[in-house]
Amino acid sequence: MMKKITIIVCGLALAGCNANSEWAKISAAVGQIDNTLAQLSGNSIPKACAIIAVADSYFQDLKANISAKNIAIEAKAMAAAQVICNNPPTNTVAAFKSLWNIWKTVQDSTKTN
């Protein structure tokens, strides 16, 4: 499943790669190892939101096999994502930290056990 997400978002990653001080701030906020979403989105909140939407679509495809507990967790995470994605804040660093946590939650919730 992660391979599919990676393949789909590679185009977004290649289209938006740039290194700047904002990147450094985002990396520091979410941790050097865990900044995959920022890397894939090229520090773009709209692209990060699109990546999260892809993860959500995979979740929805598997929903029949996912526990009620994980469905509730994913729904709450997606509601939080919609708040950020529908009205992106000016603080990109804080937004990416939240979006990364949401992205990870959606991925973790997709586990069927």
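Small disclaimer: the values here were computed from a predicted structure and weren't measured.

**With respect to the state of the cysteines**
Inference 1: Taken as a whole and assessed by the stated rule, the structure comprises 1 disulfide.
Inference 2: One disulfide in the model links Cys49 with Cys85; its S-S distance is 1.9 Å. Between Cys49 and Cys85, the disulfide has an S-S torsion of -95° and is therefore left-handed. Residue Cys49 is located in helix α4 (residues 45–62), and its partner Cys85 is located in helix α5 (residues 68–86); the two are separated by 36 residues in the primary sequence.

**So, the pattern of salt bridges**
Inference 1: The tally for this structure, following the rule as stated, stands at 1 salt bridge.
Inference 2: Between Asp108 and Lys104 there is a salt bridge, with the nearest N and O atoms lying 2.9 Å from each other. A residue pair is termed a helical-turn pair when its members lie 3 or 4 positions apart in one helix, as Asp108 and Lys104 do in helix α6 (residues 92–109) at 4 residues.
Inference 3: Since its relative accessible area comes to 32%, Asp108 is described here as partly exposed.
Inference 4: The class of Lys104 is partly exposed, set by a relative accessible area of 36%.

Thresholds applied
Residues numbered from 1 in each chain as written. Predicted model: local features only at pLDDT ≥ 70, side-chain atom pairs only at ≥ 80, totals over all residues. Heavy atoms only, no water. Disulfide = S-S within 2.5 Å. Helix = DSSP H or I, 4+ residues; strand = E, 2+ residues; numbered from the N terminus. Salt bridge = Lys/Arg side-chain N within 4 Å of Asp/Glu carboxyl O. Buried < 20%, exposed > 50% of the residue type's maximum accessible area, 1.4 Å probe, protein only.

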